Amino acid sequence: MRRALLRRSPGSLLILAVLAVLGVVSSGTARADYPVNYNFFAGIPYELTNPGGALPGANDWSCKPTAAHPDPVVLIHGTAGGAQTNWGAYAPLLANEGYCVYALTYGSLDVPWPLSALGGMKPIPSSAAQLGALVDRVLASTGAAKVDFIAHSQGNTVGNYYIKRGGGEGKVDKFVAIAPPWLGIFGDQMNVLRAFGKQLGADANTVDGMISAGVCQACPEMLGDSQFIKDLNADGVYDPSVSYTNVASNYDEGVFPSVALVPAPNAVNILVQSDCPVDFSDHLAIAGSPRVAADALNALDPAHPRAVPCEFIPPFTG
């Protein structure tokens, strides 16, 4: 009888309608359920089957931020990486957590695929301009006031240049920096280019030919003694309006903790092995480690911290 009365009552129907609307408003964009593969190369199959495409959960231009996660997240790959190849774990993970997620391939050369999938080759100011165009599009599409960055390797330098020199000041709230070369790179980062080229099926001689020809114009800019790094850091490493979380590994071949974990009041510094000696993440694996991914989620949403796992992480893949 009560169910029958509820069905027939105009007032009850109105209440149900209001509750339904409130439910939609409070939930915002629906949470996704994409598979997450914690492996640095998890995005390679997507690039192989859909060159230049987007990972599951990424670049959904209908996505609207929720009250829980008001800032869209922009993923900025490292040297020789790309929108898909660098972020196979992060794009679906963040989408599953309810974030609007976006990624680009910046600084790629005008060459045939698969070599065109190797981003981060052009000068950093040029790449930062591409990043800025994406940020403006994301803000316009989502209606958000700011974005958050998650970057790997060179992507941190590109992101910081955009904020400090490329018109991005005031548009970025949080910056999660994975293996950030804030003071420059001191190792052989060309091994990263070789690794990506191999995974994409590029001939080893062709990749080495690109290296010897100096096609990575950004690489000398990132060296520790470069004038570019000196000029970028002339007013301090960080922009004071941004909250930085830096994550580094003792096993990184080129971005040593001493150049990544630069102290400042607006920077939180995390050494992967500080309380997890079985994580052997190197420069590549650190962007595929579930431990680092948990650190990133906590940095984006510090009001709701989650446990950070400690488990064996092999180098190279994560």
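Coordinates for the structure precede this section.
Conventions used here
- Residues numbered from 1 in each chain as written.
- Predicted model: local features only at pLDDT ≥ 70, side-chain atom pairs only at ≥ 80, totals over all residues.
- Heavy atoms only, no water.
- Helix = DSSP H or I, 4+ residues; strand = E, 2+ residues; numbered from the N terminus.
- Core = buried A, V, L, I, M, F, W, Y, C linked by side-chain atoms within 4.5 Å.
- Buried < 20%, exposed > 50% of the residue type's maximum accessible area, 1.4 Å probe, protein only.
- Contact = heavy atoms within 4.5 Å.
- Disulfide = S-S within 2.5 Å.
- Pairing = 2+ DSSP bridges.
- Right-handed = clockwise from strand over helix to strand, strands pointing away.

This paragraph deals with the environment of Gly-254. Tracing the backbone shows Gly-254 in the loop between strand 5 (243-248) and helix 11 (257-260). In this structure, the C-alpha to C-alpha distance between Gly-254 and Ile-185, residues 69 residues apart in sequence, is 5.6 Å.

Below, the discussion takes up the nonpolar core. Leu-75, Tyr-90, Leu-94, Leu-131, Phe-149, Ile-150 and Phe-175 are the most contacted members of the largest nonpolar core, which has 71 residues in total. Per-element tally for this core: the top contributor is helix 5 (residues 124-142), with seven residues. Dropping the residues within four chain positions of it, Tyr-90 is found in contact with Leu-75, Ile-150, Ile-178, Ala-287, Val-292, Ala-293 and Ala-296. Counting seven residues, the second largest nonpolar core, distinct from the first, contains Ala-80, Leu-109, Leu-118 and Cys-219.

For the coordinates displayed, the defined rule picks out three disulfides. Sulfur-sulfur distance for the disulfide between Cys-216 and Cys-219 comes to 2.0 Å. Across the disulfide from Cys-216 to Cys-219, rotation about the S-S bond amounts to roughly 80 degrees, and the bridge is consequently right-handed. Here the two residues Cys-216 and Cys-219 agree in accessibility, since each one is buried. Taken in sequence order, the bonded cysteines of the protein chain link in the pattern 1-2, 3-4, 5-6.

Moving on, we come to unusual backbone geometry. Cis geometry marks the peptide bond from Trp-113 to Pro-114; its omega dihedral reads 15 degrees. Its location among the elements puts Pro-114 in the loop between strand 2 (101-103) and helix 5. Of note in this structure, Phe-316 is not a glycine but carries a positive phi near 75 degrees. Of note, Phe-316 is situated in the segment after helix 12 (290-300). On the accessibility criterion, Phe-316 (36% relative accessible area) is partly exposed.

Looking now at the pairing of strand 3 (residues 147-152). The buried fraction of strand 3 amounts to six of the six residues, a majority that puts the element mostly inside the structure. The alternating pattern of strand 3 places Val-147, Phe-149 and Ala-151 and Asp-148, Ile-150 and His-152 on opposite faces, both of which are buried. In the sheet, strand 1 (residues 73-76) pairs with strand 3 via four bridges, with the strands oriented parallel. Looking across to strand 3, one finds that Leu-75 is bridged to Ile-150. With five bridges connecting them, strand 3 and strand 4 (residues 172-178) associate as parallel partners. Within strand 4, the position partnered with His-152 by the bridge is Ile-178. In the classification by handedness, the crossover that spans strand 3, the intervening helix 6 (residues 154-165) and the parallel strand 4 is right-handed.

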